[in-house]
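# Observations on the model geometry
Single-letter residue listing:
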Amino acid sequence: MYAVKSVFGALGLGLIGFYLGLGIVAFLRWLFGYSDPWGGEINIIGGWVLGLFMWLMGIGMWGQWGREWFGLKTYTRQLPGWQRYFTFNTDHKVIGIQYLVTFMVVFFLAGALAMLMRLELAQSGNQFLSNAQYNGTMGLHGILMVAVAVAAVIGGIGNYAVPLMIGAQDMAFPRLNALTFWLVPPVAVGLLATPFLGGIEHGWTAYPPLAIYTNSAQVLFSLSIITFGLTSILGALNFIVTIIYMRAPGLTWGRLPIFVWSMFATSWIALLYTQGFAAALFLVLLDRLGFSFFNTAGGGDPLLYQHVFWFYSHPAVYIMVLPGFGLALELIAHFSRKPLFAYRYAVAAFLGILGLSGVVWAHHMFTSGMPNYLHGPFLVATELISIPTGLIFLSALGTIWLGRLWLKPPMLFALAVIFNFACGGVTGIFLADVPTDIHLQDTYFVVAHFHYTIVGGEIFALFAAIYYYFPKMTGRMYSERLAKLHFWWMFIGFNATFFLMHLPGIKGMNRRIADFPSELDPVNLAISLAGFFLGASFLVFIWNMVYSWVRGPVAEANPWQARTLEWQTSSPPPHENFPVPPVVSGGPYDYGVPGSKHATFPVPSAGFAGAPAGGGGQ
């Protein structure tokens, strides 16, 4: 079977490359007179780089891309059925599903780690994890969930839906698109291997000086995140070019679906800021090799790391949340059967967040020792960002108002995004203001706020999108009863877990530690029980999706009677999406407008030769 051979062959080549890289660096160290040529962490870096390259070549990049570097003819393997998901496939729909399934697996692994943590925290004192083991578990849970939040919607839903929604045949750079996905499996393997080198003791933020002196798991962590950052930057570039140049004739900027606008703004944030995290971790690697960017003893400044880290990591919150907002608005308009209220203000809000996201990073550092005169400006800048966020809420509420609400599972999850993020927004005010932030910094209040914004805002949107696009992706329908059961179970479990978590935070319970004062036992036991209740809800989802994908009833091409282009083709769509290029003639949400059509499909024999709205890159 070719797919199995392809994956195992690539794994073998990757391992050969890894050990070859180790050996080349060892040889160079021996040549330059090092006493321990095999003992340096730089050997791991050499192994990672060469192993990564040979993995990509083995999985199919050589045949589709590498051969032309030497003047040879490239070839494409067209595999049927499920096998195409295990090869270097350039179809954006295959890549979208590859991202989605991969990150759902990562999501459940990270969720299992969360269950382990809550079992440990159900009672004060160390139960079955040492402090170091708890730190490693917490760090791995954090970085895996951040990866899911960054890439599941953008890589999964974005890749699948955006070209369809703009009437394009594919992304602007299909081979680059496949490359960005196949960089992800080594990232997952690198992160999951960190426990074997001592675990991620420094958490997902990797603050120095601990990151400089901790075990060698930090090297794998840094290499994995730098590689992941590369996929984010390349993917963002691909989305920007696709949206600008590949839109169907007539699809002007004013007719663009709101989810596409959110992806456009998100891609600019990812392109402009992702290198901040990658650069910070690269400097940590250099410090571990003897440099002194953050090492105080050598003249460095650990606070510099926090500035560089948060310069990316606060905009990263919007990389996670903006596509969630876009999906929520998209679904609310379709399932309210009304034009999207304040469409232009919602677009302006996305662009406003794009502009403001880069000037608010230091509100994460009010207690770090940065100069007091910076507190005021960063407080004001952080509060300002609530204006564009408020416009998005206004758009959602105005669309729901007097709408003919169709409470299908995607709509329920979309409405939950608005409710959850409103809770996260209110608690965020306390963390943006200096006096309250000083009291709440590094407590479970921050954990509760962060989960309300990211899980409540983005992960709920991810599930909304999965239930919305499942018929389009698979050609089959799922059990609506089980989907609604999943929603209510997850919604109640999520709010019970993270609302309660504010309480120990207000009382000063520190996050990122395995123990706490015994007087907080009752509330922590309640949080753990609620967390287990939340975790169990996903079993319903897994059963519903797997069973329906195999045996679900055949879905209609447009089961939601939606107007946008992705629903005007078959389910699943053909290879190049549409039999003929669509021509857009109206807005995407003009429900109830007499005679309005979003798009038409000219008959090929009529000699239509319309040019893409963006010029098609010419």
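Residues numbered from 1 in each chain as written. Predicted model: local features only at pLDDT ≥ 70, side-chain atom pairs only at ≥ 80, totals over all residues. Heavy atoms only, no water.

### What to know about the overall build of the protein chain
Scanning the protein chain from terminus to terminus reveals 19 helices and 2 strands. For the protein chain, whose C-alpha radius of gyration is 25 Å, the value lies close to the compact-globule estimate of 25 Å for 618 residues. Within the span of the protein chain, comprising 618 residues, buried residues form 58% of the whole. For the protein chain, restricting intrachain contacts to residue pairs at least 6 apart in sequence, the fraction spanning at least 24 positions comes to 80%. Surface accessibility of the protein chain: about 24,700 Å² in total, with carbon and sulfur atoms responsible for 70%. The centroid of the 27 positive side-chain charges in the protein chain is displaced by 16 Å from the centroid of its 23 negative side-chain charges. (Helix = DSSP H or I, 4+ residues; strand = E, 2+ residues; numbered from the N terminus. Rg over C-alpha atoms; globule rule 2.2 N^0.38 Å. Buried < 20%, exposed > 50% of the residue type's maximum accessible area, 1.4 Å probe, protein only. Contact = heavy atoms within 4.5 Å. Areas by Shrake-Rupley, 256 points an atom, 1.4 Å probe, with all protein chains shown as cover. Lys, Arg positive; Asp, Glu negative; His and termini not counted. Charge placed at Lys NZ, Arg CZ, Asp CG, Glu CD.)

### Considering the domain arrangement of the protein chain
Once the domains are mapped, the protein chain shows domain 1 (1-71) and domain 2 (89-567). With centres defined by C-alpha atoms, the gap from domain 1 to domain 2 works out at 31 Å. Residue-level contacts link 13 residues of domain 1 with 19 residues of domain 2. By the criterion of area lost to domain 2, the three top residues of domain 1 are E41, W48 and W65, representing 40% of everything that side buries. (Domains from an automatic or database assignment. Buried area = accessible area lost by both parts, 1.4 Å probe.)

### Here's the deal with the environment of F463
The residue F463 is located in helix 16 (residues 444-474) in this model. Sequence separation between F463 and F487 is 24 residues; the distance between their C-alpha atoms is 9.0 Å.

### Points about the side chain of T564
Here T564 is to be found in the loop between helix 19 (521-551) and strand 1 (583-584). Polar contacts involving the side chain of T564 include one to the side chain of E566, which spans 3.1 Å. Excluding residues within four positions of it along the chain, T564 makes contact with P257, E330, H334, P588 and H598. (Polar contact = N/O pair within 3.5 Å; in protein donor to acceptor, adjacent residues only side chain to side chain.)

### Digging into the side chain of D287
Tracing the backbone through its elements, the reader meets D287 in helix 9 (residues 258-288). Despite its burial, D287 pairs with no opposite charge; the closest candidate is R288, at 9.7 Å N-O. At a separation of 2.7 Å, a polar atom in the side chain of D287 contacts the main-chain amide nitrogen of F294. Ignoring any residue separated from it by four or fewer positions in sequence, one finds D287 in contact with I212, S292, F293, F294 and N295. (Salt bridge = Lys/Arg side-chain N within 4 Å of Asp/Glu carboxyl O.)

### Structural notes on a nonpolar patch on the surface
Taken together, the side chains of V101, V105, L109, L192, L539, I542, V546, W549 and V550 present a nonpolar region at the surface, about 790 Å² in accessible area. Elements supplying a minimum of two residues to the nonpolar patch: helix 3 (92-120) and helix 19. A total of 5 residues in the nonpolar patch trace back to one element, the largest contributor, which is helix 19. Overall, the relative accessible area of 42% leaves V101 in the partly exposed class. (Patch = residues over 30% accessible without salt bridge, like charges linked within 9 Å, V, L, I, M, F, W, Y side chains within 5 Å.)

### Some thoughts on the UniProt feature "domain: Cytochrome oxidase subunit I profile" (unreviewed entry) in the protein chain
Here the UniProt-annotated "domain: Cytochrome oxidase subunit I profile" (unreviewed entry) positions come out as residues 82-585. Here residues 82-585 is 67% helix and 0% strand, with 37 Å between the C-alpha atoms at its ends. (UniProt positions renumbered as here; feature names shortened; annotations may be inferred.)

### Describing the packing of aromatic side chains
Under the defined criterion, the tally for this structure stands at 64 aromatic pairs. Measuring from ring centre to ring centre gives 5.5 Å for F18 and Y19, while their planes differ by 80°; the resulting arrangement is edge-to-face. Each ring, one from W204 and one from F309, has its centre 5.7 Å from the other, and the planes form 55°; the classification is tilted. Linking W204 in the loop between helix 6 (184-192) and helix 7 (210-213) with F309 in helix 10 (residues 302-336), this pair joins segments that are 105 residues apart in sequence. With relative accessibility at 16%, the residue W204 sits in the buried group. (Phe/Tyr/Trp six-rings, centres within 6.5 Å; stacked < 30°, edge-to-face > 60°.)

### Observations regarding the nonpolar core
Among the nonpolar cores identified, the biggest contains 192 residues, and F103, I157, I258 and F463 are the most heavily contacted of them. Among the domains, domain 1 (1-71) and domain 2 (89-567) are the pair contributing at least three residues each to this core. Once residues within four sequence positions are removed from consideration, F103 is found in contact with A147, V148, A151, A152, V184 and F228. (Core = buried A, V, L, I, M, F, W, Y, C linked by side-chain atoms within 4.5 Å.)

### A few points about the pattern of salt bridges
What the rule picks out here adds up to 7 salt bridges. Two residues, K93 and D91, come together in a salt bridge whose shortest N-O distance is 3.1 Å. Per residue, the accessibility class of K93 equals that of D91, and both read buried. Residue E480 pairs with K484 through a salt bridge whose shortest N-O separation is 3.3 Å. Pair noted here: E480 and K484 are both in helix 17 (residues 480-500), with a separation of 4 residues, about one helical turn. Through salt bridges with shared partners, a single ionic network connects K408, E480 and K484.

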